[in-house]
Amino acid sequence: MDQASPPLKKTPLNARHRASGAKMVPFGGWDMPLEYSGIAQEHMAVRTSAGLFDVSHMGELEIAGKDALAALQRISGNDASKLQSGQAQYSGLLTPRGTFVDDLLVYRLKSDHFLLVVNAANIVKDYTWVADQIANAGDAVVVDASPRYALLAVQGPAALGAVQPLTGVDLAAISYYSFAHGEVAGVRATVSRTGYTGEDGFEIFVPPQSADRVWQAVLASGQADGLIPCGLGARDTLRLEAAMRLYGNDIDDTTTALEAGLGWIVGWNKGDFLGAAALRAQKAKGVSRKIAGFELLDEGIARPGHDVYAAGAKAGPIGRVTSGTRTPFLKKAIGMAYVPVDHAKPDVELEIDIRGRRTRARVVPLPFYKRGGN
């Protein structure tokens, strides 16, 4: 007899999404809004004005203690010693093979206190991994603090204008990948200049019981500038235009940081860490495959799992699509795939099997979209 799936978890804004008519879907064990007014409309709002996302499903782990930095340096690929209090960085929880347990954001709250924001589906796995790895790290402990946080993302060129009237924090003074503490809409909050869309914007950590108040305040404040609520569908098309890797699709425990084009989040000079030996060896030897961006030259949409072939080749596939869609802003069918390095160079032509039809594609530089550059 099949075991029943556990009930979907709900963010503190679940009732608000349903009352607002959002289309809800299961995602990473959570009941989440896929779209409100439509993925294309929400995508364009973020590129041209602003969008508001509920990302409270993301996990928050905290590491604290006098040896917290040393513990974090062991388990994360990036060099956290470069962070001042009030700064954040993108990093990876890496295996001894240099592959990904998860990707995450690391926030330095104090010299001996760090916040790790991890993917929703990986919270339990990541907590267990971190706890096991730092068990002998001295005075450092990890706590799953996820229930203490709701997280809202305000993204787009009008994001600052929407949030600033609600807070005494000088948002313009917060540099990219930095954060500040204060109040938003009268609610105690941490405001971070980060996001997953390729646009300027802010992620706002608030107590769960206050999430709805802040959500409604931001919607009201940004309405005149065209800010609208957005779901996971637009979040995915936006991050793909910006070539941000998605755990489970573009990176996982079979892909190394170098193969994923993420060598810049590796602290090559920081001493020993999980995966260091494997990554240093791979860097010296060179990767045999790497992630490449492509755009389709023929009609069609490449989807994750579609086979990739060398152009005109009769031989078998050389790779597989990891992310793909037709994006509303660029109005192109784009995607990413792992292919041999000699097929990952710009302008190399590929063929992608879309439902049994070979469709021409061309490798293009990443990211597909860069703010101010398109």
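Keep in mind the model is a prediction, meaning the values are calculated, not measured.

Please explain the packing of aromatic side chains as it appears in this structure.
Remark: the centre distance and the inter-plane angle together describe each pair of aromatic rings, the angle taken between the planes. Evaluated as defined, the whole model comprises 6 aromatic pairs. For the pair tyrosine 107 and phenylalanine 179, a centre-to-centre distance of 5.4 Å together with 65° between the ring planes defines the contact as edge-to-face. A residue pair is termed long-range when its members are at least 10 positions apart, and tyrosine 107 in strand S6 (residues 100-110) and phenylalanine 179 in strand S10 (residues 179-184) qualify at 72 residues. A single burial state applies to tyrosine 107 and to phenylalanine 179, both of which are buried. Centre to centre, the rings of phenylalanine 329 and tyrosine 369 are 5.4 Å apart; their planes meet at 85°, and the pair counts as edge-to-face. Of the two residues, phenylalanine 329 is situated in the loop between strand S16 (319-327) and strand S17 (332-340) and tyrosine 369 in the segment after strand S19 (357-364); the sequence distance between them amounts to 40 residues.

What is the right way to look at the pattern of salt bridges in this model?
If charged atoms from side chains of opposite charge come close, those side chains can pair. Counting across every chain of the model gives 15 salt bridges. Across the pair arginine 289 and glutamate 259 runs a salt bridge whose closest N-O atoms are separated by 3.3 Å. In this pair, arginine 289 is assigned in strand S14 (residues 289-296) and glutamate 259 in the loop between helix H7 (232-241) and helix H8 (276-285), connecting sequence segments 30 residues apart. A salt bridge links glutamate 295 to arginine 362, with the nearest nitrogen and oxygen atoms 3.0 Å apart. Here arginine 362 lies in strand S19 and glutamate 295 lies in strand S14, a separation of 67 residues in the sequence. The exposure class of glutamate 295 is buried, given its relative accessible area of 13%. Arginine 362 sits in the partly exposed class, given a relative accessible area of 27%. Beyond isolated ion pairs, a larger network of salt bridges with shared partners links Arg47, Glu199 and Glu241.

Could you clarify how one ought to interpret the sheet that holds strand S5 (residues 88-94) in this entry?
Pairing between the strands of a sheet comes from backbone hydrogen bonds, and it takes one of two forms, parallel or antiparallel. The strand order S5-S6-S7-S4-S8 describes an open sheet built from 5 strands, whose pairing is antiparallel. Two strands lie at the open edges of the sheet, namely S5 and strand S8 (141-144), each paired on one side alone. Across the sheet, the mean angle separating the axes of adjacent strands is 30° when strand polarity is ignored. Each of strand S4 (59-64), S5, S6, strand S7 (113-118) and S8 touches helix H4 (residues 123-133); the most contacted strand, S8, lies at about 170° to it.

Could you clarify how one ought to interpret the pairing of strand S9 (residues 150-155) in this entry?
Counting buried residues in S9 gives 6 out of 6 residues, a clear majority hidden from the surface. Side chains of S9 alternate between two faces, with Ala150, Leu152 and Val154 and Leu151, Ala153 and Gln155 buried alike. Alignment of strand S3 (residues 51-54) against S9, held across 4 bridges, turns out to be antiparallel. Residue pairing across strands places leucine 52 opposite valine 154, the latter belonging to S9. One ladder, built from 6 bridges, connects S9 with strand S12 (residues 201-206); its direction is antiparallel. Each bridged residue has a counterpart across the sheet, and for alanine 153 the counterpart in S12 is glutamate 203.

Can you help me understand the sheet that holds S12 in this one?
What the 6 strands build is an open sheet, ordered S10-S11-S12-S9-S3-S13; its pairing is mixed. Where the open sheet ends on each side, the last strands, each with one partner, are S10 and strand S13 (228-230). Here the strands of the sheet are splayed against their neighbours by 30° on average, with no regard to which way each runs. Sheet contacts for helix H2 (residues 39-48): S3, S9 and S13; angle to S13, the most-contacted strand, approximately 120°.

Looking at this structure, I do not really get the side chain of arginine 193. What am I missing?
Take arginine 193: it is sitting in the loop between strand S11 (187-192) and S12. Engagement of the side chain of arginine 193 in a polar contact is seen with the backbone oxygen of isoleucine 174, the distance being 2.8 Å. Contacts of arginine 193, omitting those with residues within four sequence positions, involve Leu160, Leu171, Ala172, Ile174, Ser175, Tyr176, Tyr177, Ser178, Asp200, Gly201 and Phe202.

Just checking my understanding: could you explain unusual backbone geometry for this structure?
It is generally the case that most residues other than glycine have a negative phi and that most peptide bonds are trans. Cis geometry is found at the peptide bond from leucine 366 to proline 367, where omega equals 0°. Counting through the fold element by element, proline 367 comes out in the segment after S19. Despite not being glycine, aspartate 347 has its phi angle at roughly 80°, a positive value. Inspection of the secondary structure assignment puts aspartate 347 in the loop between S17 and strand S18 (349-354). For aspartate 347, a relative accessible area of 60% gives the class exposed. Positioned with a positive phi, arginine 355 is a non-glycine residue whose angle comes to about 50°. Looking at the secondary structure, you find arginine 355 in the loop between S18 and S19. What makes arginine 355 exposed here is its relative accessible area of 78%.

Thresholds applied
- Residues numbered from 1 in each chain as written.
- Predicted model: local features only at pLDDT ≥ 70, side-chain atom pairs only at ≥ 80, totals over all residues.
- Heavy atoms only, no water.
- Phe/Tyr/Trp six-rings, centres within 6.5 Å; stacked < 30°, edge-to-face > 60°.
- Helix = DSSP H or I, 4+ residues; strand = E, 2+ residues; numbered from the N terminus.
- Buried < 20%, exposed > 50% of the residue type's maximum accessible area, 1.4 Å probe, protein only.
- Salt bridge = Lys/Arg side-chain N within 4 Å of Asp/Glu carboxyl O.
- Pairing = 2+ DSSP bridges.
- Axes fitted to C-alpha atoms, helices over the stretch in contact; angles between N-to-C directions.
- Contact = heavy atoms within 4.5 Å.
- Polar contact = N/O pair within 3.5 Å; in protein donor to acceptor, adjacent residues only side chain to side chain.

Function cannot be inferred from these measures alone, as they are strictly geometric.
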